[in-house]
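Now for the letters of each chain:
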Amino acid sequence: KGEADDGAVVVGFEPLTQCVLELRRRFGDIALFFYDAMRTDAVYVVLRPSFFLPTTFRALDASLKIMVPPTMGHNAEAGSKSSKGKGKGGSAFLVPNVVEIAQLMVKTSAGVIDRASVV
């Protein structure tokens, strides 16, 4: 007694709205989320442009990003002749891992969103 039926309808429960609120809570610093309450088959995500700017590699900032190693082309040769003597072609940097972010958003939705398309 007092337990809900598995097939019970809960008045006022909107899974898509709750999903978008959770996505905004978790990813709001990197993305904007939009949806149409009348058409509940899609959530639209716009990643913030500042999130795409490469950043210097730091382990603390590596979440949801891919490390790009230093270039070994022309810059490495020029660097070896510089007075600083680094010669390693620069330092590694980070760029967003959009595929991983999309997969994590689908997982965060707890079944409300079944796939992600990156365009």
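Residues numbered from 1 in each chain as written. Predicted model: local features only at pLDDT ≥ 70, side-chain atom pairs only at ≥ 80, totals over all residues. Heavy atoms only, no water.

Colleague: Which parts of the structure should I look at to understand the overall build of the protein?
Modeller: Each helix and strand counted, the protein has three helices and five strands in total. Looking at the 119 residues of the protein, the share that counts as buried comes to 24%. Once local pairs closer than 6 in sequence are excluded, the contacts in the protein between residues at least 24 apart make up 53%. With an accessible surface of roughly 9,200 Å², the protein has 57% of that area assigned to carbon and sulfur atoms. (Helix = DSSP H or I, 4+ residues; strand = E, 2+ residues; numbered from the N terminus. Buried < 20%, exposed > 50% of the residue type's maximum accessible area, 1.4 Å probe, protein only. Contact = heavy atoms within 4.5 Å. Areas by Shrake-Rupley, 256 points an atom, 1.4 Å probe, with all protein chains shown as cover.)

Colleague: Please clarify how the sheet that holds strand β3 (residues 55-56) should be interpreted in this entry.
Modeller: Hydrogen bonds between backbone groups are what pair the strands of a sheet, and the pairing can be parallel or antiparallel. Within the open sheet, the three strands sit side by side as β3-β5-β4. Their pairing is antiparallel. Edge positions in the sheet fall to β3 and β4 (65-68), since each has one partner strand and no second. Bridge count for β4 against strand β5 (residues 93-96) is four bridges, and the pairing is antiparallel. Bridged to K65 within β5 is P96. (Pairing = 2+ DSSP bridges.)

Colleague: Explain the environment of L16 to me, please; I cannot follow it from the model alone.
Modeller: Within the secondary structure, L16 sits in helix α1 (residues 15-27). Among the residues examined, L16 registers a relative accessible area of 8% and is labelled buried. As for L16 and A37, which are separated by 21 residues in sequence, their C-alpha atoms are 8.0 Å apart. Excluding residues that lie within four positions of it along the chain, L16 makes contacts with Y35, D36, T40, A42, V43 and V112.

Colleague: Got a minute to help me understand the environment of Q103 in this structure?
Modeller: Within the element layout of this structure, Q103 appears in helix α3 (residues 98-108). Remark: the alpha-carbon pair of Q103 and R115, spanning 12 residues in sequence, is separated by 8.1 Å.

Colleague: How should the pattern of salt bridges be read in this particular structure?
Modeller: Side-chain pairs of opposite charge can arise where the charged atoms are in close proximity. The final tally for this structure, using the stated rule, is two salt bridges. We note a salt bridge from R25 to E22, for which the minimum N-O separation is 2.5 Å. Taken together, the residues R25 and E22, both in helix α1 and three residues apart, mark about one turn of the helix. Judged by relative accessible area, which is 60%, R25 ranks as exposed. Note that R39 is salt-bridged to D41, the shortest N-O span being 3.2 Å. Judged by its relative accessible area of 47%, R39 is partly exposed. (Salt bridge = Lys/Arg side-chain N within 4 Å of Asp/Glu carboxyl O.)

Colleague: I would appreciate a short explanation of the packing of α1 against α3 in the present structure.
Modeller: In a pair of packed helices, the angle between the axes and the distance between the axes together describe the arrangement. Viewed as axis vectors pointing N to C, α1 and α3 meet at an angle of 135 degrees, and their least axial separation amounts to 10 Å. Judged by the inter-axis angle, α1 sits oblique to α3. Between α1 and α3 lies a crossing of right-handed hand. Between α1 and α3, the residues in contact are E22, L23, R26 and F27 and L104, M105 and T108, respectively. Of the residues belonging to the contact of α1 with α3, the class tally is four nonpolar, one polar and two charged. (Axes fitted to C-alpha atoms, helices over the stretch in contact; angles between N-to-C directions. Parallel < 35°, antiparallel > 145°, perpendicular 65-115°, else oblique. Left-handed = near helix turned anticlockwise from the far one by under 90°. Nonpolar A, V, L, I, M, F, W, Y, C, P; charged D, E, K, R; others polar.)

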